[in-house]
Amino acid sequence: MKKKVLVCFDFEKDRHYKYLMNAWNANDNFDLSFNDVTPDEIQSNNIAVIKANLTKKIIKADITIVLVGKDAKKRHKDRLEIGYDNWQIFEIEKSKENDNQLIVVFLDRSYEAPDECYGCGAKWIYSFNEEDIVEAIENV
């Protein structure tokens with residue numbers, strides 16, 4: 001049975017990595033195989049609507065893959081309404097509350113993961129590559 005995975009990423013800057021994962025997942029020539037429960041782009045600026053949509057998807061997941069891009073720790077303009085510095089941190093915290101296993105994937109070794117990724121038993125991958133992501137999903 002395929003594991004249910006939510007991919008947590010900066011939509012504005014890092015979505016092409018998510019799209020590449022989708023392509024790997026759909027292509028029989030690749031080993032990556034999971035049931036993607038990541039929400040499609042949420043067509044709203046309403047914080048409550050976004051929170052509800054993200055939370056609904058997080059609850060369905062067993063694993064949350066955090067793609068750590070350049071702005072993973074950057075403060076969002078709506079951080080006070082979000083309740084966290086940005087949407088990725090919201091997703092990380094809600095995933096931990098849901099007992100999702102975290103897999104933290106650095107898109108570049110120089111980027112910094114949000115503090116919320118530490119001390120929770122996350123699996124760490126220091127470069128974006130299919131082989132390591134497959135192994136992490138299989139072994140969590």
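Fair warning: this is a prediction, and the values are worked out from it, not measured in the lab.

A description of the overall build of the chain should follow, citing residues and the corresponding values.
The secondary structure content of the chain amounts to 5 helices and 5 strands. The helix and strand sequence of the chain, counted from the amino end, reads β-α-β-α-β-α-α-β-β-α. The C-alpha radius of gyration of the chain comes to 14 Å, within 12% of the 14 Å expected for a compact globule of 140 residues. Summarising its shape, the C-alpha atoms of the chain cover approximately 45 × 30 × 25 Å along the three principal directions. Taking all 140 residues of the chain together, the buried fraction comes to 41%. Sequence-distant contacts, at least 24 apart, represent 65% of the contacts inside the chain between residues at least 6 apart. Approximately 8,000 Å² of the chain is accessible, and the part contributed by carbon and sulfur atoms is 44%. For the chain, the centre of its 20 positive side-chain charges and the centre of its 26 negative side-chain charges are spaced 5 Å apart.

Requested: an account of helix α4 (residues 87-97), with residues and values cited.
Of all the 11 residues making up α4, 8 are buried; the element is thus mostly covered by neighbouring parts of the structure. Within the sequence span of α4, burial applies to W87, Q88, I89, F90, E91, I92, E93 and S95. Turning to α4, the residues buried within the fold contact β1 (4-8), α2 (47-60), β3 (63-68), α3 (79-82) and β4 (101-106). Regarding α4, its N-cap is N86, as a side-chain oxygen of that residue lies 2.9 Å from the backbone nitrogen of Q88 further along. With its phi angle positive at about 60°, D99 sits one or two positions after the end of α4.

Requested: an account of the packing of α2 against α4, with residues and values cited.
Contact geometry of α2 with α4 gives a least axis separation of 10 Å together with a crossing angle of 40°. Between α2 and α4, the angle falls in the class oblique. For α2 against α4, the interelement crossing comes out right-handed. Listed contacts from α4 to I47, I50, K51, L54, T55 and I58 of α2 are W87, F90, E91, K94 and S95. Looking at the contact of α2 with α4 residue by residue, the class counts come to 6 nonpolar, 2 polar and 3 charged.

With reference to specific residues and values, describe the environment of K2.
Along the chain, K2 turns up in the segment before β1. Among residues more than four places away in sequence, those in contact with K2 are S33, F34 and N35.

Describe in detail the pairing of β3, supporting the description with residues and values.
Within β3, 6 of the 6 residues are buried, which leaves the element mostly enclosed by the surrounding structure. Of the two faces of β3, the one carrying I63, I65 and L67 and the one carrying T64, V66 and V68 are both buried. Sheet topology note: the β3/β4 ladder contains 6 bridges and is parallel. Paired with V68 across the two strands is F106, which belongs to β4.

Break down the pattern of salt bridges for me, citing the residues and quoting the values.
With the rule as written, the count across this model stands at 8 salt bridges. Ionic pairing is found between K77 and D78, a salt bridge with its closest N-O pair at 3.1 Å. Residue K77 is classed as exposed on the basis of its relative accessible area, which comes to 72%. Through salt bridges with shared partners, a single network forms among K73, E112 and D115.

Conventions and cut-offs
Throughout this description, residue numbers start from 1 for each chain and increase along the sequence as written. Confidence filtering applies because this is a predicted model: local features only for residues at pLDDT of at least 70, side-chain atom pairs given and counted only at 80 or more, and all residues used for totals across whole chains, interfaces and linings. To obtain the side-chain values, all non-hydrogen atoms of the structure were used and water was disregarded. In DSSP terms, a helix is any run of H or I states spanning at least four residues, a strand is any run of E spanning at least two, and both are numbered starting from the N terminus. The atom set for the radius of gyration is the C-alpha atoms, and the globule formula is 2.2 Å times the number of residues raised to the power 0.38. For every residue, the accessible area obtained with a 1.4 Å probe (protein chains only) is divided by the maximum for its type, and the residue is called buried under 20%, exposed over 50%, and partly exposed between those limits. Here, residues are in contact when the closest pair of their heavy atoms is within 4.5 Å. Surface accessibility in these figures is a Shrake-Rupley result with a 1.4 Å probe; residues are shielded only by whichever protein chains are displayed. When charges are counted, Lys and Arg are positive and Asp and Glu negative, with His and the chain ends excluded. A charged residue contributes its charge at one atom only: NZ of Lys, CZ of Arg, CG of Asp or CD of Glu. Whenever a nitrogen or oxygen atom comes within 3.5 Å of another N or O atom, the pair is scored as a polar contact, on the condition that within protein one atom can donate a hydrogen and the other can accept it, and that pairs from neighbouring residues in sequence are kept only if both atoms are in side chains. Inter-axis angles, ranging from 0 to 180 degrees, are taken between N-to-C directions of lines fitted to C-alpha atoms, where helices are fitted over the stretch in contact. By the definition adopted for this analysis, an angle is roughly parallel if under 35 degrees, roughly antiparallel if over 145, roughly perpendicular if from 65 to 115, and oblique otherwise. It is the rotation of the near helix from the far one that decides the hand of a crossing: anticlockwise by less than a right angle makes it left-handed, clockwise makes it right-handed. Only Asp, Glu, Lys and Arg are considered charged, only Ala, Val, Leu, Ile, Met, Phe, Trp, Tyr, Cys and Pro nonpolar, and every remaining residue, Gly among them, polar. Any two strands with at least two DSSP-identified bridges between them are counted as paired. Salt bridges, as used here, are contacts in which a Lys or Arg side-chain nitrogen is within 4 Å of a carboxyl oxygen on Asp or Glu.

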